[in-house]
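Below, each chain spelled out in residue letters.
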Amino acid sequence: MKYVKDNLADIIILILLVIWGIYDLFMWQSVCDDLISIAVGFSLACLFPWCCKRTDERFLEVRKKALQYSSTFIISLFCALKIVEVLREHSIEVNAIKVIFVGVVLQSAYFLIMKQRIDR
């Protein structure tokens, strides 16, 4: 229970991914998509700084590595999409909030996994 309490923001981010993924799989495109994207964006704007601020001093290096990993992934993904777009001569539409959300989820998951390894 202490683990959940210490990492509540990171766990909420992972749960939000599951909920949004289920919504994306089973719901048709509609007007609500824009509202859902706005709600997820506001949630990330609140949760991401909260999870970074609540990090213990002894895990700050792990959080830094998680942020580096996440940033590298996002940059690599956009570069790969641009390369595919140029090679196929076809533009690819990407929902930027989803890519940013995946990056935030990756940093939270990486942080939780590495923190659990260090605690053992």
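Cut-offs applied
Residues numbered from 1 in each chain as written. Predicted model: local features only at pLDDT ≥ 70, side-chain atom pairs only at ≥ 80, totals over all residues. Heavy atoms only, no water. Salt bridge = Lys/Arg side-chain N within 4 Å of Asp/Glu carboxyl O. Helix = DSSP H or I, 4+ residues; strand = E, 2+ residues; numbered from the N terminus. Buried < 20%, exposed > 50% of the residue type's maximum accessible area, 1.4 Å probe, protein only. Patch = residues over 30% accessible without salt bridge, like charges linked within 9 Å, V, L, I, M, F, W, Y side chains within 5 Å. Areas by Shrake-Rupley, 256 points an atom, 1.4 Å probe, with all protein chains shown as cover. Expected span 1.5 Å × (residues − 1). Contact = heavy atoms within 4.5 Å. Core = buried A, V, L, I, M, F, W, Y, C linked by side-chain atoms within 4.5 Å. Axes fitted to C-alpha atoms, helices over the stretch in contact; angles between N-to-C directions. Parallel < 35°, antiparallel > 145°, perpendicular 65-115°, else oblique. Left-handed = near helix turned anticlockwise from the far one by under 90°.

Scanning the entire structure with this criterion turns up 3 salt bridges. Note that D10 and R63 form a salt bridge whose closest N and O atoms lie 2.9 Å from each other. Of this pair, D10 sits in helix 2 (residues 8–26) while R63 is found in helix 4 (residues 60–88), placing the two residues 53 residues apart along the sequence. Judged by its relative accessible area of 2%, D10 falls in the buried class. For R63, a relative accessible area of 4% corresponds to the buried category. Where K82 meets E85, a salt bridge forms, and the shortest distance between an N and an O atom there is 3.3 Å. Note that K82 and E85 are positioned in helix 4 at a spacing of 3 residues, about one turn of the helix. You can call K82 partly exposed: its relative accessible area is 47%. Accessibility expressed as a relative area gives 22% for E85, which makes it partly exposed.

This part covers a nonpolar patch on the surface. A cluster of nonpolar side chains, M1, V4, L8 and I12, forms an exposed patch at the surface whose accessible area comes to about 380 Å². Looking at the element boundaries, V4 is found in helix 1 (residues 2–6). On the basis of relative accessibility, which here comes to 35%, the residue V4 falls in the partly exposed class.

Mapped onto the elements of the fold, G41 is located in helix 3 (residues 32–53). Considering only alpha carbons, one finds G41 and L14, 27 residues apart in sequence, at a separation of 14 Å.

On to helix 4. With 29 residues, helix 4 should cover 42 Å at 1.5 Å per step; its first-to-last C-alpha distance of 42 Å lies within 8% of that length. Among the residues of helix 4, V62, R63, A66, S70 and I74 are the ones counted as buried. Residues of helix 4 that are buried in the fold lie against helix 2, helix 3 and helix 5 (96–119). One or two positions beyond helix 4, positive phi appears at E89, with a value near 50 degrees.

A separate point is the nonpolar core. Most often, soluble globular proteins keep nonpolar side chains buried together rather than apart. Counting residues in hydrophobic clusters, the biggest one holds 12 residues: A9, I13, L16, W20, Y23, V40, L44, L47, C51, F101, V104 and V105. Counting only elements with at least two residues in this core, the list comes to helix 2, helix 3 and helix 5. Element by element, the count of residues in this core is highest for helix 2, at 5 residues. The residues touching L47, leaving out its near neighbours within four places in the chain, are A9, I12, I13 and L16. In this structure, F59, V62, A66 and L112 belong to the second largest nonpolar core, which totals 5 residues.

Running from N to C, helix 3 and helix 5 point in directions that differ by 30 degrees, and their axes come no closer than 11 Å. Of the possible angle classes, the one that applies to helix 3 and helix 5 is roughly parallel. For the pair helix 3 and helix 5, the crossing hand works out as left-handed. Residues S37, V40, G41, L44, F48 and C51 of helix 3 form the contact with helix 5, whose own contacting residues are I97, F101, V104 and Q107.

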